[in-house]
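# An overview of the molecular structure
Residues per chain are reported as follows:
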Amino acid sequence: MGGVHQINTIALYITICCLAFILSKITIAVLLYKRWRNKQHHSVHQDPHLAGGKVVMFKSGTMQSPEVTPQVVLKKTMKLTNKDMIGSGGYGTVYKLSITESISFAVKRLSRGSPDRDRTFERELEAMGDIKHRNIVTLHGYYSASHYNLLIYELMPNGSLDGLLHHPKEGGEEEELQRVVLDWDSRYRIAVGAARGISYLHHDCIPHIIHRDIKSSNILLDQNMEARVSDFGLATLMEPDKTHVSTFVAGTFGYLPPEYFDTGKATAKGDVYSFGVVLLELLTGRKPTDEAFYEEGTRLVTWVKGVVEDKRGEYVIDSSLKCSSCHNMDEINGMFEVAFACLEPDPFNRPTMAEVVKMLELLRCG
Ligand SMILES: Nc1ncnc2c1ncn2[C@@H]1O[C@H](COP(=O)(O)OP(=O)(O)OP(=O)(O)O)[C@@H](O)[C@H]1O
């Protein structure tokens, strides 16, 4: 009996030991799994390049919403992929960042590593930080990390004027929509809106701001097709008593005023010239950087001037404007005159942006 009892006790001990062993293994496995899960979770939200940085969001209407906290913006920004890309330029890539169904931003990512790129970021902040105008894209915030900088803008749902004029989206219905949207009335309103935005920079901001890169891809369209000037990466601040700022030649070929190449000086009249090129783009539907112009060794400006001087002006007007807007021919011709005034070779003969706004407004009210 005593022997049987002893065997039972040993069996019990062995069972307890086995159970304890299995239990400890299970506990270790659960702990290891939890650690692995935690690690996975962190690797999504903590980009090592972002460590130590902080999102700064400026106070404004949208920013009052409790859903828009710097943490949420940063978290959602980390999840942006190529699918969210809405544009790219020489200095960065632009993504659509959706916070809620009704709140979205445009985030421009500028890679760092060269003083030129860092300067672009600083210029945007210096120039745009305080600006609030209905014809200028609002900057809502920024983020600076070791490998890149982010600029957080108001999202412009209708993209850029360049996109609407020269790259209508493929696909039947949408293509039709793009054509209808850019009728003469829309083009006229875009011209006046953009002119008001640039005039505000030149005359009302202290210090005054010279944009230095006015072109159709930097004129964006809001939900009401109202023009908004954007991209202040080359902008130069100028004290009101100064007439120019010495700088290196920068900007986009096809829009640069002739004097930039000789003097290397950025003036407000340089922006007026570039705006004149945008007016020609609106009137002709032709892109100033069109390869055809390089092949012919000419430019949009010289081509249009030549054709108009030959009294064959109707040949340069965008064909989609001709039949639909015959009753607008006076306004169209008037806008050509404003464009030529802006494109005067001598900067002193060009109007100021405030005068350009008045000239354009008079085309409709006068
Ligand atoms: N706030 C915004 N809302 C909607 N789309 C935008 C916004 N900002 C930029 N984009 C889109 O992204 C494109 C690229 O913008 P970006 O300012 O980076 O370059 P760009 O002006 O085209 O060229 P570059 O910077 O080389 O002069 C624009 O043409 C526009 O289509």
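Remember, predicted model here, so these are calculated numbers, not experimental data. (Residues numbered from 1 in each chain as written. Predicted model: local features only at pLDDT ≥ 70, side-chain atom pairs only at ≥ 80, totals over all residues. Heavy atoms only, no water.)

## Concerning the overall build of the protein chain
Applied cut-off: Helix and strand assignments follow DSSP, with helices taken as H or I runs no shorter than four residues and strands as E runs no shorter than two, numbered in order from the N terminus. Accessibility here uses a 1.4 Å probe with only protein chains present; expressed as a share of the type maximum, an area under 20% marks a residue as buried, one over 50% as exposed, and anything in between as partly exposed. Contacts are assigned to residue pairs with any non-hydrogen atoms lying within 4.5 Å of each other. For accessible areas, the Shrake-Rupley method is used with a probe of radius 1.4 Å. Any residue's cover is judged against the shown protein chains and nothing else.
What the protein chain contains, in helices and strands, is 13 helices and twelve strands. Per-residue burial over the protein chain gives 42% buried out of 366 residues. Contacts spanning at least 24 positions in sequence make up 64% of the contacts within the protein chain whose residues lie at least 6 apart. For the protein chain, the exposed area adds up to about 20000 Å²; of that, 56% sits on carbon and sulfur atoms.

## Quick look at the confidence of the model for the protein chain
Note the threshold: Values of pLDDT, which run from 0 to 100, indicate the predictor's confidence residue by residue.
Scored by pLDDT, the protein chain comes out at a mean of 79, with 77% of its residues at no less than 70. Highest mean pLDDT in the protein chain belongs to strand S9 (residues 227-229) (97); lowest belongs to helix H5 (residues 172-181) (46). Taken as a whole, residues 38-51 scores under 50 in pLDDT and shows 16 contacts with residues more than four places along the chain or in a different chain. This model gives residues 170-180 a pLDDT under 50, and the stretch forms seven contacts once residues within four places in sequence are excluded. This complex was scored by the predictor with a pTM of 0.79 and an ipTM of 0.95.

## Considerations on unusual backbone geometry
A negative phi angle characterises most non-glycine residues, just as the trans form characterises most peptide bonds. With an omega dihedral of -5°, the bond running from Ile206 to Pro207 counts as a cis peptide bond. Mapped onto the elements, Pro207 comes out in the loop between helix H6 (184-204) and strand S7 (208-210). Phi is positive for Arg212, close to 70°, though the residue is something other than glycine. Position of Arg212 among the secondary structure elements: in the loop between S7 and strand S8 (219-221).

## Thoughts on the side chain of Ser274
In this structure, Ser274 sits in helix H8 (residues 268-284). Judged by its relative accessible area of 6%, Ser274 is buried. With residues up to four places along the chain from it excluded, the contact list for Ser274 reads Ile214, Tyr255 and Pro257.

## A word on helix H2 (residues 70-78)
Quick note on the threshold: By construction, the arc corresponds to the directions joining the helix axis to the C-beta atoms.
Within H2, the full set of buried residues consists of Val73, Thr77 and Met78. Axial view of H2: buried residues confined to an arc of 130°, hence all on one face.

## Here we look at the nonpolar core
Note the following rule: Buried Ala, Val, Leu, Ile, Met, Phe, Trp, Tyr and Cys residues that are joined via side-chain atoms within 4.5 Å together make up what is termed a nonpolar core.
Formed by 66 residues in total, the largest nonpolar core has its most connected members in Leu161, Phe232, Phe275, Leu280, Phe336, Val356 and Leu360. Once residues within four sequence positions are removed from consideration, Leu280 is found in contact with Gly285, Leu300, Val301, Val304, Phe336, Ala339, Phe340 and Leu343. Listed in part, the 17 residues of the second largest apolar core include Met78, Ile103, Phe105 and Tyr143.

## Here's the deal with the packing of H8 against helix H10 (residues 300-309)
Applicable threshold: Here the axes come from fitting lines to C-alpha atoms, over the contacting stretch only for helices, and the angles between their N-to-C directions go from 0 to 180 degrees. Any angle between 65 and 115 degrees counts as roughly perpendicular, while under 35 counts as roughly parallel, over 145 as roughly antiparallel, and the rest as oblique. Crossings are assigned a handedness: left-handed for a near helix turned anticlockwise from the far helix by less than a right angle, right-handed for a clockwise turn. Classes in brief: Ala, Val, Leu, Ile, Met, Phe, Trp, Tyr, Cys and Pro nonpolar; Asp, Glu, Lys and Arg charged; the others, Gly included, polar.
Packing of H8 against H10 brings their axes to within 10 Å, and their N-to-C directions diverge by 60°. With respect to each other, H8 and H10 are oriented oblique. The way H8 lies across H10 gives a crossing that is left-handed. Only Leu300, Val301, Trp303 and Val304 of H10 make contact with H8, whose side of the interface consists of Tyr273, Val277, Leu280, Glu281 and Thr284. Here the residues of the contact of H8 with H10 are counted per class, giving seven nonpolar, one polar and one charged.

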